[in-house]
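Given next are the chains, with one letter for each unit.
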Amino acid sequence: DAMVIQNPRYQVTQFGKPVTLSCSQTLNHNVMYWYQQKSSQAPKLLFHYYDKDFNNEADTPDNFQSRRPNTSFCFLDIRSPGLGDAAMYLCATSSGLFETQYFGPGTRLLVL
Amino acid sequence: GQQLNQNPQSMFIQEGEDVSMNCTSSSIFNTWLWYKQDPGEGPVLLIALYKAGELTSNGRLTAQFGITRKDSFLNISASIPSDVGIYFCAGPSFEGTASKLTFGTGTRLQVTL
């Protein structure tokens, strides 16, 4: 089945220690998104890629970076995680304009 | 910016009851999406609505796209325990090369036996 996969599902890191979260998709979608979701809140868009074009949201902290080496994979790098970065991180894909977004299962990040 | 308000914020119902929730916007949307999120999982698309006045069903779920294009409704009939979760409405806006979703505030559903 075509799907969006996120690894790991749970990630524990130390304060200030860089961490990378992974997303892959078998949908061959052009667009990949990263969201941050804190407890009981709606997902908040961090950035998205349309093919290799990177689009950052204005309020996304510089601490968050992303890489998309090919169509299938997209990575979220948190350079120096703070306690406030503990959250669920969701990856989503869409085939482009006017198309619905499909979400992965998420990675829950804990910062100690 | 655009805001989507969902009501109610939370619901406690008994198994077998019907559920109604709504989503209202300060601005017009041309598409409405309803997602369900189970605890510890990503949102799963339930229903997509593309036309004002549209009524669409998916099993026990029925959603409607409001005539004004500023609201949408989701109904669940004969609720079961696995309906527990958070239901989000979402409206896409199209900026540049991608759709950007505005999410509602969510309705948390609890089902008791």
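The coordinates are above.
The shown structure was predicted, so the numbers you read here are calculated from the model rather than taken from an experiment.

Below, the discussion takes up the side chain of Ser22 of chain A. Residues and elements named next belong to chain A. Residue placement: Ser22 occurs in strand E3 (residues 19-25). According to the relative accessible area criterion, Ser22 is buried, its value standing at 16%. Setting aside residues up to four positions removed in sequence, Ser22 forms contacts with Ile5, Gln6, Asn7, Trp34, Cys74 and Phe75.

Turning our eyes to something else, we now look at the environment of Ser77 of chain B. All names here are of chain B. Along the polypeptide, Ser77 turns up in the loop between strand E8 (71-76) and strand E9 (85-95). Owing to a relative accessible area of 31%, Ser77 belongs among the partly exposed residues under this scheme. As a C-alpha pair, Ser77 and Leu61 span 16 residues in sequence and 6.6 Å in three-dimensional space.

Turning to the sheet that holds strand E1 (residues 4-7) of chain B, a few remarks are in order. Residues and elements named next belong to chain B. In spatial order, the strands read E1-E3-E8-E7-E6; together these five strands make up an open sheet with antiparallel pairing. Only two strands of the sheet have a single partner each, and these edge strands are E1 and strand E6 (55-58). On average, each strand axis in the sheet is inclined to that of its neighbour by 15°, with strand direction left out of account. For E1 and strand E3 (residues 19-25), the ladder comprises four bridges, and the chain directions are antiparallel. Paired with Leu4 across the two strands is Ser25, which belongs to E3.

The subject of this paragraph is the pattern of salt bridges. Going through the model one piece at a time under the given rule, you end up with six salt bridges over all chains. Glu41 of chain B is paired through a salt bridge with Arg9 of chain A; the nearest N and O atoms lie 3.4 Å apart. Taken together, the residues span two chains, with Glu41 of chain B in the loop between strand E4 (32-37) and strand E5 (44-49) and Arg9 of chain A in the loop between strand E1 (4-7) and strand E2 (10-13). For Asp77 of chain A, the salt bridge goes to Arg67 of chain A, with nearest N and O atoms at 2.7 Å. With a gap of 10 residues between them, Asp77 of chain A in strand E8 (residues 73-78) and Arg67 of chain A in strand E7 (residues 64-67) connect regions that are remote in the sequence. According to the relative accessible area criterion, Asp77 of chain A is buried, its value standing at 13%.

Criteria and thresholds
Starting afresh in each chain, residues are numbered from 1 along the sequence in its written order. Labels follow written order: the first chain is A, the first ligand is 1, and so on. Side-chain atom pairs in this predicted model are given and counted only at pLDDT of 80 or more, local residue features only at pLDDT of at least 70, and totals for whole chains, interfaces and linings cover all residues. Each side-chain value is derived from all of the structure's non-hydrogen atoms; neither hydrogens nor water enter the calculation. Only DSSP runs of H or I covering at least 4 residues are called helices, and only runs of E covering at least 2 are called strands; the numbering of each starts at the N terminus. Partly exposed describes any residue whose relative accessible area lies between the buried limit of under 20% and the exposed limit of over 50%, with all areas from a 1.4 Å probe on protein chains only and scaled to the type maximum. The criterion used for residue contact is that any of the two residues' heavy atoms lie within 4.5 Å. The rule for pairing is simple: two strands pair if DSSP sees at least two bridges between them. Between the N-to-C directions of two axes lies an angle of 0 to 180 degrees, each axis being a line fitted to C-alpha atoms and, for a helix, fitted only over the stretch in contact. A pair is scored as a salt bridge if a Lys or Arg side-chain nitrogen falls within 4 Å of a carboxyl oxygen belonging to Asp or Glu.

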